[in-house]
Amino acid sequence: MKIIEKIDDMIRLRSQLAEPVGFVPTMGYFHEGHLSLVRQARAENPLVAVSIFVNPTQFGPQEDFSSYPRDPQRDLDLLEKEQVDIVFMPPVAEMYPPQFNSRVEVTKATERLEGASRPGHFRGVTTVCAKLFNIVQPTRVYFGQKDAQQAIVIKKMVLDLNMNLEIVTLPTVREPDGLAMSSRNTYLNPQERQAALVLYQALTLAQQLWSQGEKNAQTIRQQMTEVIQKQPLAKIDYVSIADAETLDELDTVKPPALVSLAVKIGSTRLIDNVVLE
Ligand code: AMP
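Everything numeric in this text was worked out from a predicted model, so none of it was measured.

Definitions and cut-offs
- Residues numbered from 1 in each chain as written.
- Predicted model: local features only at pLDDT ≥ 70, side-chain atom pairs only at ≥ 80, totals over all residues.
- Heavy atoms only, no water.
- Near = heavy atom within 4 Å.
- Polar contact = N/O pair within 3.5 Å; in protein donor to acceptor, adjacent residues only side chain to side chain.
- Areas by Shrake-Rupley, 256 points an atom, 1.4 Å probe, with all protein chains shown as cover.
- Helix = DSSP H or I, 4+ residues; strand = E, 2+ residues; numbered from the N terminus.
- Nonpolar A, V, L, I, M, F, W, Y, C, P; charged D, E, K, R; others polar.
- Pairing = 2+ DSSP bridges.
- Axes fitted to C-alpha atoms, helices over the stretch in contact; angles between N-to-C directions.
- Core = buried A, V, L, I, M, F, W, Y, C linked by side-chain atoms within 4.5 Å.
- Buried < 20%, exposed > 50% of the residue type's maximum accessible area, 1.4 Å probe, protein only.
- Domains from an automatic or database assignment.
- Contact = heavy atoms within 4.5 Å.
- Buried area = accessible area lost by both parts, 1.4 Å probe.
- Salt bridge = Lys/Arg side-chain N within 4 Å of Asp/Glu carboxyl O.
- Phe/Tyr/Trp six-rings, centres within 6.5 Å; stacked < 30°, edge-to-face > 60°.
- 1 Å grid on protein atoms, 1.4 Å probe; cavity = no way out; pocket = protein on both sides within 12 Å on 5 of 7 lines; lining within 4 Å.
- Points joined across faces, edges and corners; volume = space filled by probe spheres on them.

1. Comments concerning the site of the ligand
Close to the ligand lie 17 residues, the nearest being Met 27, His 34, Asp 147, Val 173 and Met 181. At a separation of 2.9 Å, an oxygen atom of the ligand approaches a polar backbone atom of Met 27. Within the complex, the protein chains bury 93% of what would otherwise be the 490 Å² of accessible surface of the ligand. Residue assignment for the shell around the ligand shows that the elements contributing at least two residues are β2 (21-26), α2 (32-44) and β5 (140-144). It is α2 that provides the largest number of residues to the shell around the ligand, a total of 3 residues. Among the residues making up the shell around the ligand, the classes are represented as 8 nonpolar, 7 polar and 2 charged.

Have a look at this one:
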């Protein structure tokens, strides 16, 4: 497994490789969600590259960039076991030198949900992904459905800017009790970890109501909200039922609809979603 920190070295290495490259961009601190993407990339491509980069430009000034969990040695050991070929882990100053002045921005789909709650977040995500795609020149890039809006926004960037690669979105990996795996789950104390189940409970309720024939989106949102509000440690940021492509909020559920939510458990902000098919 080659470990590369310099952009020039990564570009040079890639120029020597003719085979398709499957690429998994990450911020590290791996869990089974990340590893599911790596395994799929391994199964579908002769070469697999993974990036580990905690991207400062996608964090707001009051967010957790400096405290975001990091354990590069453990991450590298895990990637070695998955037979990854290349790990790209640039320092921040390598990706953003002082004279860095460019931004990539997708409009519209970035204005709602996570974009509305976290101004500038998606500009940071699209800018770093555009850089990573230029550097790694992947054939297929793997994202998790856990960050549904991110996958939608990246697909739009790839389409609009004619990037010659395929985006693959894979299902959310959950803990046995339903909590979506996330590096940020490590922030939760035992009481909060229990309370965090309310996200999955609300999403399961939405699925139940939908399968029982409920089509009124506001009724579903309301019932989800009531479940979450019963949990004293939870504070709702948003509960959304939106068109799975445009992210327009729905009055009447029309599949595929993205049911997504952001809830603070104590001081930890968690997101999760399901799709009503
Ligand atoms: P991150 O390191 O949080 O930037 O995540 C890197 C990639 O892993 C993104 O495409 C995420 O959507 C994906 N991911 C994170 N959590 C999960 C999960 N629980 N299941 C599947 N994919 C995930």
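2. Comments concerning the sheet that holds β5
Here 6 strands make up an open sheet; going across it, the order is β1-β4-β3-β2-β5-β6 and the pairing parallel. Unpaired on one side and paired on the other, β1 (2-4) and β6 (166-170) mark the two borders of the sheet. Across this sheet, the average inter-strand angle for adjacent strands is 25°, counted without regard to direction. Pairing geometry for β2 and strand β3 (residues 47-52), over 6 bridges, is parallel.

3. A short note on the nonpolar core
One broad trend across soluble globular proteins is that nonpolar side chains are buried collectively. If you look at the biggest cluster of nonpolar residues, it comprises 45 residues, and the most contacted ones within it are Met 95, Phe 133, Ile 154 and Met 157. Going through the elements one at a time, α1 (7-15), β2, β3, β4 (86-88), α6 (121-136), β5, α7 (148-160) and β8 (257-265) are the ones with two or more residues in this core. At 9 residues, the largest contribution of residues to this core is made by α6. In this structure, this core is formed jointly by two domains, domain 1 (2-170) and domain 2 (183-276), each of which donates at least three residues. Contact partners of Met 157, with chain neighbours within four places excluded, come to Val 104, Val 106, Thr 126, Cys 129, Ala 130, Phe 133, Asn 162 and Met 163. By size, the runner-up hydrophobic cluster in this structure holds 30 residues, among which are Leu 197, Val 239, Val 253 and Val 274.

4. Thoughts on the domain arrangement of the protein chain
Interfaces are frequently sized by the accessible area removed from exposure as the parts join. Here the protein chain is partitioned into domain 1 (2-170) and domain 2 (183-276). Taken together, the contact between domain 1 and domain 2 spans 21 residues of the former and 20 residues of the latter. Note on domain 1 versus domain 2: buried area summed over both sides is about 1600 Å², and carbon and sulfur give 50% of it. Our enumeration of links across domain 1 and domain 2 arrives at 3 salt bridges. Where Arg 269 meets Glu 114, a salt bridge forms, and the shortest distance between an N and an O atom there is 2.9 Å. Counting across the domain 1 and domain 2 interface gives 10 residue pairs in polar contact (both at pLDDT 80 or more). Among the elements of the structure, α5 (113-117) and α7 are those that each provide at least two residues to the side of domain 1 that touches domain 2. For the side of domain 1 that touches domain 2, the per-class residue count stands at 8 nonpolar, 7 polar and 6 charged.

5. Quick look at the packing of aromatic side chains
Using the criterion set out here, one finds 5 aromatic pairs in the structure. With 6.5 Å between their ring centres and 85° between their planes, Phe 23 and Phe 133 make a pair best called edge-to-face. Separated by 110 residues along the polypeptide, Phe 23 in strand β2 and Phe 133 in helix α6 bring together distant segments of the chain. The burial state of Phe 23 is the same as that of Phe 133; both residues are buried.

6. With respect to the pairing of β8
The buried count for β8 comes to 8 of 9 residues, which makes it a mostly enclosed element. Sheet analysis places strand β7 (residues 234-243) next to β8, joined by 9 bridges and oriented antiparallel. Following the sheet pairing, Val 239 is matched in β8 by Leu 261. Hairpin connection from β8 to strand β9 (residues 268-276): 2 residues lie between these consecutive antiparallel strands, with Gly 266 at a positive phi of about 60°.

7. A closer look at the layout of surface pockets
For the second largest pocket, the calculated volume is near 390 Å³. Lining the second largest pocket are 18 residues, and of these Ala 109, Ile 152, Ala 244, Glu 245 and Thr 246 lie nearest its centre. For the lining of the second largest pocket, the element with the most residues is α7, which contributes 6 residues. Residue composition of the lining of the second largest pocket, by class: 8 nonpolar, 4 polar and 6 charged. Inspection of the lining of the second largest pocket shows a minimum of three residues originating in each of domain 1 (2-170) and domain 2 (183-276).

8. Points about empty space enclosed by the protein
In this structure the tally under the stated criterion is 1 cavity of 30 Å³ or more. The volume enclosed by the largest cavity comes to roughly 30 Å³. Contributing to the lining of the largest cavity are Lys 146, Leu 179, Ala 180, Ser 182, Asn 185, Leu 199, Leu 270, Ile 271 and Asp 272. Residues of the lining of the largest cavity, tallied by class, amount to 5 nonpolar, 2 polar and 2 charged.

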